[in-house]
Amino acid sequence: MTGDVSFKRILLKISGEALMGARDYGLDMDMVDRVAGEIAQAHAQGHEIGLVIGGGNIFRGLAGAAAGMERASADYMGMLATVMNALAMQNALHRIGVDARVMSAIPMPTVCESFARPRAVRHLEKGRVVIFAAGTGNPYFTTDTGAALRAAEMGCDALFKGTSVDGIYSDDPKKNPDAERFDTISYDEILKRNLKVMDAAAIALARDNRIPLVVFSIREEGMLPRVIRGEGRFTLVTPEEE
Ligand code: UDP
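None of these values were measured; they are calculated from a predicted model.

Caption draft 1: Spotlight on the pattern of salt bridges. Within this structure, the stated rule accounts for 23 salt bridges. Of the charged contacts, one joins Glu 153 and Arg 150 as a salt bridge, the two residues approaching to 2.4 Å between their closest N and O atoms. With Glu 153 and Arg 150 both in helix α5 (residues 143–153) and three residues apart, the pair spans about one turn of that helix. A relative accessible area of 5% means that Arg 150 is categorised as buried. When salt bridges that share partners are traced, they join Asp 99, Arg 101, Glu 113, Arg 119 and Arg 128 into one network.

What follows is the structure in structure tokens.
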């Protein structure tokens, strides 16, 4: 189903937590290198790759708000965390010979490029991996919504979400052994069943712009280049209405 040809330009979203490895905070550089290696393989398969990395391994706005911080300031801290992750990944990609550019939704010109759609398109066309940092640039959003937004505006053929499980289940498979796993499911069904795949804003954006979503486990070594070839285990979310 996910033939290389049909999914030429892809947007890959990985959570910050995926880069923590076995730690409980921050970045595990071995894990960053491993994921960078898999992105390099997918890139070598001829795909144009946009990347969004979350910031939950460093800071989440909701946690700050729960501790008494003003929500918007806490969210800006979360967005800054995504920039740190993006810089680490850019560096890891450069070390293995993959040209990558961080583009931040919050301008910080001494650190990285600011996001500008035409420049981002140009980078992709030139075969550079573009790492979209700082989410949407707005508080009260998530990096999942940032990923759906960039996938839509960059004209990506599909959105790939690397998580800690091998697809979408009817319930949390870590807590409920009877949870049903879906090979395919529609966005409408996800919203109807209130499944925790991405937040509702991200789902609505991807659905309305008819972008398919592939959910797979980034924890499983070597899975990323495989799912991009349409192999391995994943759930495909289709934009079809029912
Ligand atoms: N964030 C935000 N606006 C965005 C994207 C992210 O305010 O457009 C903040 C928000 O506080 C969030 C944090 O950045 O908690 C880290 O992002 P996220 O929780 O999506 O990271 P992940 O769970 O994917 O690691």
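Caption draft 2: Looking closely at the layout of surface pockets. Of the voids in this model, the largest pocket is the one considered here, and its volume is about 1200 Å³. Of all the elements in the fold, those that place two or more residues in the lining of the largest pocket are α2 (61–66), α3 (71–95), α5, β6 (158–163) and β7 (168–169). Looking at the lining of the largest pocket, the element that brings in the most residues is α3, giving five residues. Taken together, the residues of the lining of the largest pocket sort by class into 15 nonpolar, 19 polar and 13 charged.

Caption draft 3: How the structure looks around the pairing of strand β5 (residues 129–133). Among the five residues of β5, five are classified as buried, and the element is accordingly described as predominantly covered. Bridge analysis of strand β3 (residues 100–104) against β5 gives five bridges, and the strand direction is parallel. Each bridged residue has a counterpart across the sheet, and for Met 103 the counterpart in β5 is Phe 132.

Caption draft 4: Structural context of the site of the ligand. The environment of the ligand is made up of 20 residues, and the closest members are Arg 60, Asp 75, Thr 136, Asn 138 and Thr 143. Within the backbone of Gly 61, one N or O atom sits 2.8 Å away from an oxygen atom of the ligand. Within the contact set of the ligand, an oxygen atom lies 2.7 Å away from a side-chain nitrogen or oxygen of Thr 136. Within the complex, the protein chains bury 93% of what would otherwise be the 520 Å² of accessible surface of the ligand. Using a 2 Å cut-off from the grid points, one finds that the ligand occupies the largest pocket. By residue number, the principal contributor to the shell around the ligand is α3, which donates three residues. Residues of the shell around the ligand, tallied by class, amount to five nonpolar, 12 polar and three charged.

Caption draft 5: Structural view of the state of the cysteines. As enumerated under the stated definition, the model contains zero disulfides in all. As a non-bridged cysteine, Cys 156 has Cys 112 as the owner of its nearest cysteine sulfur, 19 Å distant.

Caption draft 6: Up close: the packing of α5 against helix α7 (residues 200–208). Interhelical geometry of α5 versus α7 gives an angle of 10° and a closest axis separation of 8 Å. Taken together, the axes of α5 and α7 lie roughly parallel to each other. Seen from α5, the contacting residues are Asp 144, Thr 145, Ala 148 and Leu 149; seen from α7, they are Ala 201, Ala 202, Leu 205 and Ala 206. Of the residues in the contact of α5 with α7, the class split is six nonpolar, one polar and one charged.

Conventions adopted
Residues numbered from 1 in each chain as written. Predicted model: local features only at pLDDT ≥ 70, side-chain atom pairs only at ≥ 80, totals over all residues. Heavy atoms only, no water. Salt bridge = Lys/Arg side-chain N within 4 Å of Asp/Glu carboxyl O. Helix = DSSP H or I, 4+ residues; strand = E, 2+ residues; numbered from the N terminus. Buried < 20%, exposed > 50% of the residue type's maximum accessible area, 1.4 Å probe, protein only. 1 Å grid on protein atoms, 1.4 Å probe; cavity = no way out; pocket = protein on both sides within 12 Å on 5 of 7 lines; lining within 4 Å. Points joined across faces, edges and corners; volume = space filled by probe spheres on them. Nonpolar A, V, L, I, M, F, W, Y, C, P; charged D, E, K, R; others polar. Pairing = 2+ DSSP bridges. Near = heavy atom within 4 Å. Polar contact = N/O pair within 3.5 Å; in protein donor to acceptor, adjacent residues only side chain to side chain. Areas by Shrake-Rupley, 256 points an atom, 1.4 Å probe, with all protein chains shown as cover. Sits in = over half its atoms within 2 Å of the grid points. Disulfide = S-S within 2.5 Å. Axes fitted to C-alpha atoms, helices over the stretch in contact; angles between N-to-C directions. Parallel < 35°, antiparallel > 145°, perpendicular 65-115°, else oblique. Contact = heavy atoms within 4.5 Å.

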